[in-house]
Amino acid sequence: MTLDPRTKMVIVICLSTLALIYNSAGELLPLLLVTLLLLLLFRIDISSVWVYLKRFLQLMLVVFIIQCIFTRGGEVLLSLGSTALVSSQGLLAGASLVLRIIVIISAALIFTTFSSRDFILGLVQWKIPYELAFMVTIAMRFLPLFRDEFVNVVTAIQLRGVELKQVSWGRKIDLFRSLLFPVVFGALLKAQQLAVAMESRGFRAYPRRTYLRRLDFIWIDYAVMLIFITITLMLIISY
Amino acid sequence: MHFLTLTQVNFHYPKLSRMALENINLEIEQKSITAIIGPNGSGKTTLGKVMIGILQATGGKVLLQGEPVSEMSLAQIGRRIGYVFQNPDLQLFCATVAEEIGFGLVNQGWEPARVKEKVDFCLEFFQLAEYRHVFPLLLSQGEKQRVAIASVLVAENEFVILDEPTIGLDAYRKKILAGYLRKIASIGRGMVLISHDMGFVEHLADRVIQLEKGRIVGDSERKGRNGYDT
Ligand SMILES: Nc1ncnc2c1ncn2[C@@H]1O[C@H](COP(=O)(O)OP(=O)(O)OP(=O)(O)O)[C@@H](O)[C@H]1O
Ligand SMILES: [Mg+2]
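What follows is about the overall build of chain B. Counting its regular elements, chain B contains seven helices and eleven strands. Across the 230 residues in chain B, those meeting the buried criterion constitute 53%. Within chain B, contacts between residues separated by at least 24 positions form 64% of all contacts whose residues are at least 6 apart in sequence. Carbon together with sulfur atoms contributes 50% to the accessible area of chain B, which is approximately 10400 Å² in total.

Taken together, the contact between chain B and chain A spans 25 residues of the former and 20 residues of the latter. Around 2100 Å² of area is buried between chain B and chain A when both sides are counted, 67% of it from carbon and sulfur atoms. The largest per-residue losses of area from chain B upon contact with chain A belong to B:Leu74, B:Phe93 and B:Phe135, which jointly make up 28% of the total buried on that side. Linking chain B with chain A are two salt bridges, by the criterion used here. Taken together, the connections running from chain B to chain A amount to six residue pairs in polar contact (both at pLDDT 80 or more). Listing elements by their share of the side of chain B that touches chain A, those giving two or more residues are helix H2 (74-80) and helix H3 (97-107) of chain B. Among the elements that line the side of chain B that touches chain A, the one with the most residues is H2(B), at five residues. Of the residues belonging to the side of chain B that touches chain A, the class tally is 14 nonpolar, eight polar and three charged.

Attention shifts here to the sheet that holds strand S5 (residues 67-68) of chain B. Residues and elements named next belong to chain B. The four strands lie next to each other as S2-S1-S4-S5, forming an open sheet whose pairing is antiparallel. Of all strands in the sheet, those bounded by a partner on one side alone are strand S2 (21-28) and S5. In this fold helix H1 (residues 44-51) packs onto strand S1 (4-11), S2 and strand S4 (59-64), with an angle of close to 60 degrees to the strand it touches most, S2.

Before going further, it helps to spend a moment on helix H4 (residues 57-70) of chain A. Residues and elements named next belong to chain A. Counted at 1.5 Å a residue, the expected span for H4 with its 14 residues is 20 Å, and the 20 Å between its end C-alpha atoms agrees. What H4 keeps buried is the set Met60, Val63 and Cys68. Angularly, the buried residues of H4 cover 130 degrees about the axis, an arc narrow enough to put them on a single face. Exposed residues on H4 whose side chains face more than 90 degrees from its buried face are Gln58, Leu61 and Phe70.

Residue and element names in this part refer to chain B. Put simply, chain B has an average pLDDT of 90, and 97% of its residues get 70 or more. Ignoring residues within four places in sequence, the model shows residues 224-230, a span with pLDDT below 50, making eleven contacts including any to other chains. Prediction confidence for the complex, expressed as pTM and ipTM, is 0.69 and 0.78 respectively.

This paragraph deals with empty space enclosed by the protein. Empty space among the atoms can be located by rolling a probe the size of a water molecule over them. Counted under the stated rule, the structure contains three cavities of 30 Å³ or more. By volume, the largest cavity amounts to about 110 Å³. In terms of lining, the largest cavity is formed by 14 residues, of which the most central are A:Leu159, A:Arg160, B:Gly82, B:Tyr83 and B:Val152. Counting only elements with at least two residues in the lining of the largest cavity, the list comes to helix H7 (130-159) of chain A together with strand S6 (81-84) and helix H5 (141-153) of chain B.

Once that is clear, we can look at H3(B). Residues and elements named next belong to chain B. The buried fraction of H3 amounts to nine of the eleven residues, a majority that puts the element mostly inside the structure. What H3 keeps buried is the set Val97, Ala98, Glu100, Ile101, Gly102, Phe103, Gly104, Leu105 and Asn107. Phi turns positive, to about 80 degrees, at glycine 109, one or two residues after H3.

The subject of this paragraph is the site of ligand 1. All names here are of chain B. Close contacts around ligand 1 come from 13 residues, with Arg18, Lys44, Thr45, Thr46 and Gln86 the closest. Within the side chain of arginine 18, one N or O atom sits 2.8 Å away from an oxygen atom of ligand 1. Take glutamine 86: an N or O atom from its side chain is 2.9 Å from an oxygen atom of ligand 1. Protein contact buries 67% of the 640 Å² of open area that ligand 1 shows by itself.

A few words now on a nonpolar patch on the surface. Residues and elements named next belong to chain A. On the surface, Leu61, Val62, Ile65, Ile66, Ile69, Phe70, Leu77, Leu78, Leu80, Leu85 and Leu91 cluster together into a nonpolar patch covering about 1000 Å² of accessible area. At the level of elements, H4 and strand S1 (76-80) are the ones that each hand at least two residues to the nonpolar patch. It is H4 that provides the largest number of residues to the nonpolar patch, a total of six residues. Inspection of the secondary structure assignment puts leucine 80 in strand S1. On the accessibility criterion, leucine 80 (60% relative accessible area) is exposed.

The nonpolar side chains of a soluble globular protein tend to be buried, and buried together. Membership of the largest hydrophobic core comes to 37 residues, with the highest contact counts inside it found for B:Ile101, B:Phe126, B:Leu153, B:Leu162, B:Leu181, B:Met191 and B:Leu193. Breaking this core down by element, the ones donating at least two residues are H3, helix H4 (112-125), H5, strand S7 (159-163), helix H6 (171-186), strand S8 (190-194) and helix H7 (198-204) of chain B. For this core, the leading source of residues is H5(B), giving six residues. Apart from the residues lying within four places of it in its own chain, the contact partners of B:Leu193 are B:Ile33, B:Thr34, B:Ala35, B:Ile36, B:Leu162, B:Pro165, B:Leu181, B:Phe200 and B:Leu204. Residues A:Leu32, A:Leu38, A:Met60 and A:Ile102 belong to the second largest nonpolar core, which totals 33 residues.

Attention shifts here to the side chain of B:Glu100. Along the chain, B:Glu100 falls in helix H3. Among the polar contacts made by the side chain of B:Glu100, one reaches the side chain of A:Arg160 at a distance of 2.8 Å. Other than its neighbours up to four places away in sequence, B:Glu100 contacts A:Arg160, B:Gln91, B:Leu92, B:Phe93, B:Cys94, B:Pro136, B:Val147 and B:Ser151.

A few words now on the coordination of the magnesium ion (ligand 2). All names here are of chain B. At this site the magnesium ion (ligand 2) is bound by Thr45 (OG1) and Gln86 (OE1), with donor distances of 1.9 to 2.2 Å. Pair noted here: threonine 45 is in helix H1 and glutamine 86 is in the loop between S6 and H3, with a separation of 41 residues, a long-range link. A residue is classified by how much of its surface remains accessible, and glutamine 86, at 33% relative accessible area, is partly exposed.

How each quantity is defined
- Residues numbered from 1 in each chain as written.
- Chains lettered and ligands numbered in written order.
- Predicted model: local features only at pLDDT ≥ 70, side-chain atom pairs only at ≥ 80, totals over all residues.
- Heavy atoms only, no water.
- Helix = DSSP H or I, 4+ residues; strand = E, 2+ residues; numbered from the N terminus.
- Buried < 20%, exposed > 50% of the residue type's maximum accessible area, 1.4 Å probe, protein only.
- Contact = heavy atoms within 4.5 Å.
- Areas by Shrake-Rupley, 256 points an atom, 1.4 Å probe, with all protein chains shown as cover.
- Buried area = accessible area lost by both parts, 1.4 Å probe.
- Salt bridge = Lys/Arg side-chain N within 4 Å of Asp/Glu carboxyl O.
- Polar contact = N/O pair within 3.5 Å; in protein donor to acceptor, adjacent residues only side chain to side chain.
- Nonpolar A, V, L, I, M, F, W, Y, C, P; charged D, E, K, R; others polar.
- Pairing = 2+ DSSP bridges.
- Axes fitted to C-alpha atoms, helices over the stretch in contact; angles between N-to-C directions.
- Expected span 1.5 Å × (residues − 1).
- Arc of directions from axis to C-beta.
- pLDDT = per-residue confidence, 0-100.
- 1 Å grid on protein atoms, 1.4 Å probe; cavity = no way out; pocket = protein on both sides within 12 Å on 5 of 7 lines; lining within 4 Å.
- Points joined across faces, edges and corners; volume = space filled by probe spheres on them.
- Near = heavy atom within 4 Å.
- Patch = residues over 30% accessible without salt bridge, like charges linked within 9 Å, V, L, I, M, F, W, Y side chains within 5 Å.
- Core = buried A, V, L, I, M, F, W, Y, C linked by side-chain atoms within 4.5 Å.
- Donors = N, O, S within 2.8 Å, 3.2 Å for Na, K, Ca; no water.

See the structure below:
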């Protein structure tokens, strides 16, 4: 089944909205099953879910433990002396939070089935200005660069003899606050240079762009989108 | 004891199909000017970064005065070895030129009055006084380069590594820089110069190491004025 990228977008949004609204494992588990089923329909290898999940394992573990310990109620399952550590409610709360993360990550995998180019094309055909659509995709591509910029600055600071791991939190916050402006400004400066470089190579030279390919929104897209939006809305209202 | 000792050092970038550095054995004395030369992509910058632990060697050992670099923090190394990046944009992060040059001193707890004195001297010497309050990244290429160099040399580390320090400098500024480097070398502060600029290197270096495709292919001590002796 090849759906329009925009239809897939809507599906991802529906799934993650539901994942955010639902709270209990009893609701999230069916949602996860539906998501996995959709992945199969889109011919995404389910084992790749695991590859992505692995990166979030630590986060999920921490979240799980915190939820377990700080949610009280139900039977006490584990106690240290007379203080209850883990309760049945806590365990459920932890499990549902983890489930929620898994649903969102799995749903996001649907994005891997189309290219960012198709995505721009889709947005443009929905009358969103090309520059804006292009900026969104560029921003997605540049996020890692921002991280690199940050790593560079941290390296440069340490090389000038500042032991970041040892300075007090007050000093650290001070340092980062004074760095915020130059780092953000520097990044903007580079973005501006990029914009000039792009325009000088013909970007936006003509007010209207033409496209080699057209994305066709066919009846099945309308149908799928309608079904997903309706079901999601109904589920939200009846919740 | 040698200042820096590299034994059987290898370095491999995850996405590069060949080794960036292969089997590097090197001893560098503190009180000397060592130049590293070689074509683009031969691994000069990588070697510099491995020496001070920005990159950890994927094989072999790097010792700084007998201590493994891998067990020291960047700040510990940074207080002993100054490092000027090849691209000044990567190391400028303060809001003004004066702050940039004073950053290391302030953070090592110098008194404000002494910091100011030292910063003023550097601004004057590198002809940056008029840009004192300017945002460093807005300066011209050569000016940025000089700020980057000044902000490292100001700390008076016992050793410095400069990656392509002459990039963007005009002939006159190159001469000023060469003079300064010669001066600090004469008072016993050593350095590694990574450079394409043979003219610049030839006048300064006591020793020239040549890299090609990640390997050392030449290592010559300079003897007298009329050339090199392997
Ligand atoms: N982060 C990286 N990831 C992958 N490969 C890299 C990375 N950084 C450098 N390289 C590669 O490693 C090799 C050595 O790079 P290096 O920057 O050390 O060269 P260099 O001798 O300093 O070159 P130049 O004269 O251009 O400064 C090059 O082939 C380069 O493409
Ligand atoms: Mg280099």
